[in-house]
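# Coordinate inspection notes
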Amino acid sequence: MTEVLNVGAHALARVAQLLRDGALVAFGTETVYGLGGDATNAASIAAIFQAKGRPRFNPLIAHYPAAEEAFRHVQTNDRAVLVAQRFWPGPLTLVLPRRPECPVALLASAGLETLAVRVPGHPVALELLRLAATPIAAPSANRSGAVSPTTARHVLDGLSGRIAAVLDSGPCGVGVESTVLDLTGPHPVLLRPGGVAVEDLEALIGPLQRGLPPAEPGEGLRSPGLLASHYAPALPVRLNAVSVEADEALLAFGPALPGARCQFQLSAAGETTEAASRLFEGLRWLDAEGARVRARRIAVMPVPETGLGLAIADRLHRAAAPRG
């Protein structure tokens, strides 16, 4: 059985001990719920892969309570220090070269000589990381390829019985995963849009190289979240809908299109920040309700690709990708 713990001093201490003992525990961050395991323990990393059904070639993000602790395990540069000062704690992941003495298991970085590191912007997650006193690998706490979880209930829907515990810290505020920025080369590369807007990064460090194609199954990945089909509900997804067919469910943004069997509103006001916080909840709800009312597909209204809209569009394109 998976234990559900409400946030408190006793629960945090228990979860930290479970992590040190090699167990898997889901916990909330500002982005989504993460499935945590001791990043220095290869057996814990392997257990994460097994619980998620996650491809072994998909690297994980190591989470830390402070930038100085993360930077003890990776080789930094001026850009990395600058963006960390501005955006950490927060929904930004940096990919940097591993230091030779880095204790994080190579399995966590898929055998690469780089490591993805992050300092989450959530007080409960930060306190848990301080108490655990070890970097925590924490991909989204769902079965691989499925919709990411933004509540403890979502975690239990996919992983109940597969992990030791869930620390329930309420719904996630940002609602999409972190932005992933590769700073290993001469030019910064956006590997995954996410909770930090690209415009804000470019205002700080200049233009980002973009447009890396998503990796296909069997290819090595440079970052989490690059699989071609990911974040996918069971129902097929149709993007950029300007009308709705009678047998479709609707994921709405702004004034909703008429005619859907059921609908979920991301943001009636057309705000991408609100939409991001509701995206995964909406996909999950439409998947369940759509099946109940016998919808054959989810139609998705267009979302502008500015600010967090770029992250939303990325997740939706992956949700709509052909299934392998």
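Before any of the text, the structure's been laid out above.
Here the residue numbers are simple positions, counted from 1 along each chain's written sequence. Totals for whole chains, interfaces and linings use every residue, but because this is a predicted model, local features are given only for residues with pLDDT of at least 70 and side-chain atom pairs only at 80 or more, for both listing and counting. Side-chain numbers here rest on the full set of heavy atoms in the structure, without hydrogens or water.

Attention now moves to the environment of G8. For the purposes of this entry, the term helix denotes a DSSP run of H or I that reaches at least four residues, the term strand denotes a run of E that reaches at least two, and both are numbered from the N terminus. Secondary-structure assignment places G8 in the loop between strand 1 (3-6) and helix 1 (9-20). Among the residues examined, G8 registers a relative accessible area of 26% and is labelled partly exposed. Spatially, the C-alpha atoms of G8 and D168 are 9.9 Å apart, while their sequence positions differ by 160 residues. Only protein chains enter the accessibility calculation, which uses a 1.4 Å probe. A residue is then buried if its area is under 20% of the maximum for its type, exposed if over 50%, and partly exposed in between.

Here the expected span of a helix is defined as 1.5 Å times the quantity of residues minus one. Between its terminal C-alpha atoms helix 8 (residues 272-292) stretches 28 Å, which fits the 30 Å expected from 21 residues at 1.5 Å a residue. Along its length, helix 8 reaches its greatest deviation from straightness, about 50°, at R278. Within helix 8, burial applies to T272, A275, A276, L279, F280, G282, L283, L286, D287, E289 and G290. Contact partners of the buried residues in helix 8: strand 12 (248-252), strand 13 (263-265), strand 14 (297-300) and helix 9 (309-320). To obtain the bend at a residue, axes are fitted to the seven residues ending there and to the seven starting there, and the angle between these axes is taken. In what follows, a contact means two residues having at least one pair of non-hydrogen atoms within 4.5 Å.

This part covers the sheet that holds strand 13. Spatially, 11-14-12-13 is the arrangement adopted by the four strands of the open sheet, whose pairing is parallel. This sheet does not close on itself; its edge strands, each paired only once, are strand 11 (237-238) and strand 13. Two strands form a pair only when DSSP identifies at least two bridges running between them. Examined bridge by bridge, strand 12 and strand 14 share four bridges and lie parallel to one another. Bridging across to strand 14, E248 finds its partner in R297. Axes here mean lines fitted to C-alpha atoms, for a helix over just the part in contact, with angles spanning 0 to 180 degrees between N-to-C directions. Relative to the sheet, helix 8 contacts strand 12, strand 13 and strand 14, its axis offset from that of strand 13 by approximately 170°.

Of all the five residues making up strand 6 (residues 114-118), five are buried; the element is thus mostly covered by neighbouring parts of the structure. Of the two faces of strand 6, the one holding T114, A116 and R118 and the one holding L115 and V117 are both buried throughout. In this sheet, strand 6 lies alongside strand 4 (residues 61-63) in parallel orientation, the contact comprising three bridges. Each residue of the ladder has a partner; that of I61, found in strand 6, is A116. Pairing of strand 5 (residues 92-97) with strand 6 involves four bridges; the strand directions are antiparallel. When the sheet's bridge partners are listed, L94 is paired in strand 6 with V117.

None of this, on its own, says anything about what the molecule does.
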